[in-house]
Amino acid sequence: MEKFINGLAEFVGMAPEHFEAAIPFFTKVRVPAKKLLLTAGDVASCLWFVETGVLRAYYLEQDLTLIKALDGNAQPVEITTWIVPAFGFLTDISSFLYQKPGHYHIETLEPSTLYQLSFQNYKELAALYPEMGHLTHERTFELMDMRVRMCGLRSAADRLAFFENQYPGITGRISVNIQASYLNITASTLSRIRNQRK
């Protein structure tokens, strides 16, 4: 709990002792690896702060016209858009804020300890701490901007270096396929880049 209070207080920019009133708004949950917290098409009723573990958001690429023309057995491809380690937060932000069906699946990539914040509690907490609501939006835009900047790098090796700089120590904790999906490259390209570094 102390880690969470400190992390949340840092997120909001307040001293931890001033943020203890926020704790009752959250529900602590322990979730195994590969657990879906949200499925695309459902309404995101919660926002999750990560104390330990890693979350990801992804969608399924459904427009497979060209791929199906080449391979009749093609399956939808998972496109990872967000990877969130400890002391970050994740939800399908549009679905959560507007309470409408979302586009993303959200899952745990390893056993995780999360603090879950319901939409109703989020509204009450944002009324108590207005900076919480503002920062949720700001941090989401920061993550979006970071992803756009990374995807704008033409070199796959540069995208990998950017990723490793933003998420130090996470490489060995998530699969090559998920990392490659986040970097918008193939798993074989990612493996080749890593082999060239040796």
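Structural data are supplied above this passage.
Reading the values: rules and limits
Residues numbered from 1 in each chain as written. Predicted model: local features only at pLDDT ≥ 70, side-chain atom pairs only at ≥ 80, totals over all residues. Heavy atoms only, no water. Helix = DSSP H or I, 4+ residues; strand = E, 2+ residues; numbered from the N terminus. Buried < 20%, exposed > 50% of the residue type's maximum accessible area, 1.4 Å probe, protein only. Contact = heavy atoms within 4.5 Å. Areas by Shrake-Rupley, 256 points an atom, 1.4 Å probe, with all protein chains shown as cover. Axes fitted to C-alpha atoms, helices over the stretch in contact; angles between N-to-C directions. Parallel < 35°, antiparallel > 145°, perpendicular 65-115°, else oblique. Arc of directions from axis to C-beta. Pairing = 2+ DSSP bridges. Core = buried A, V, L, I, M, F, W, Y, C linked by side-chain atoms within 4.5 Å. Nonpolar A, V, L, I, M, F, W, Y, C, P; charged D, E, K, R; others polar.

*Asks:* Explain the overall build of the protein to me, please; I cannot follow it from the model alone.
*Replies:* Across its full length, the protein holds 8 helices and 8 strands. Considering the protein as a whole, with its 198 residues, one finds that 43% of them fall into the buried category. Restricting the contact set of the protein to residue pairs at least 6 apart, pairs at least 24 apart contribute 71%. Of the accessible surface of the protein, which amounts to about 10600 Å², a share of 54% is contributed by carbon and sulfur atoms.

*Asks:* What is the right way to read the packing of helix α6 (residues 156-166) against helix α7 (residues 176-183) from this model?
*Replies:* Between two packed helices, the angle of one axis relative to the other and the distance separating the axes together describe the packing. Where α6 meets α7, the closest approach of the two axes is 10 Å, and the angle between their N-to-C directions is 110 degrees. The angle between α6 and α7 falls in the class roughly perpendicular. Residues R159, L160 and F163 of α6 form the contact with α7, whose own contacting residues are Q179, Y182 and L183.

*Asks:* Any chance you could explain α6 here in plain terms?
*Replies:* Owing to its 3.6 residues per turn, the α-helix brings residues three or four apart onto one side. For α6, the complete set of buried residues consists of A156, R159, L160, F162 and F163. Buried residues of α6 fall within an arc of 160 degrees about the axis and therefore sit on the same side.

*Asks:* Mind showing me how you'd approach the sheet that holds strand β3 (residues 46-52) here?
*Replies:* Adjacent strands of a sheet pair through backbone hydrogen bonds, lying either parallel or antiparallel. Strands sit in the order β1-β8-β3-β6 across an open sheet of 4 strands; the sheet is antiparallel. On the outer flanks of this sheet lie β1 (26-31) and β6 (89-90), each paired with one strand and no other. Where β3 and strand β8 (residues 112-118) come together, 6 bridges link them in antiparallel fashion. Pairing of C46 across the sheet is with S118, part of β8. Along the sheet, helix α4 (residues 119-128) makes contact with β1 and β8, crossing β8 at roughly 75 degrees.

*Asks:* I tried to follow the nonpolar core on my own but got confused; where do I start?
*Replies:* As a rule of thumb, soluble globular proteins bury nonpolar side chains together. By size, the foremost hydrophobic cluster in this structure holds 29 residues, and its most contacted members are F26, W48, F49, L90, L117, L125 and M132. For this core, the secondary structure elements donating two or more residues are β1, β3, β4 (55-61), β5 (77-84), β6, β8 and α4. Once you skip the residues sitting within four places of it in the chain, L90 turns out to touch L47, W48, L55, R56, A57, W82, V84 and I106. Core analysis: the next-biggest nonpolar cluster, separate from the first, contains 19 residues, F162, I174, I178 and I193 among them.

*Asks:* Looking at this structure, I do not really get the packing of α6 against helix α8 (residues 187-197). What am I missing?
*Replies:* Two elements in contact, α6 and α8, have axes whose closest approach is 10 Å; the angle formed by their N-to-C orientations is 80 degrees. By the angle between their directions, the pair α6 and α8 is classed as roughly perpendicular. Taken together, the residues of α8 that come into contact with α6 (itself represented by A156, A157, L160, A161 and E164) are T189, L190, I193, R194 and R197. When its residues are assigned to classes, the contact of α6 with α8 shows 6 nonpolar, 1 polar and 3 charged.

*Asks:* Help me understand the pairing of strand β7 (residues 105-108) in this model?
*Replies:* Consecutive residues of a regular strand have side chains that alternate between opposite faces of the sheet. Taking every second residue as pointing to the same face, both faces of β7 are buried, with H105 and E107 on one and I106 and T108 on the other. Pairing of strand β2 (residues 36-38) with β7, which is carried by 2 bridges, proceeds in the antiparallel orientation. Among the inter-strand pairings, L38 is bridged to a residue of β7, identified as I106. Sheet topology places β4 next to β7; 4 bridges connect them, and they run antiparallel. Residue pairing for β7: A57 is matched across the bridge by I106.

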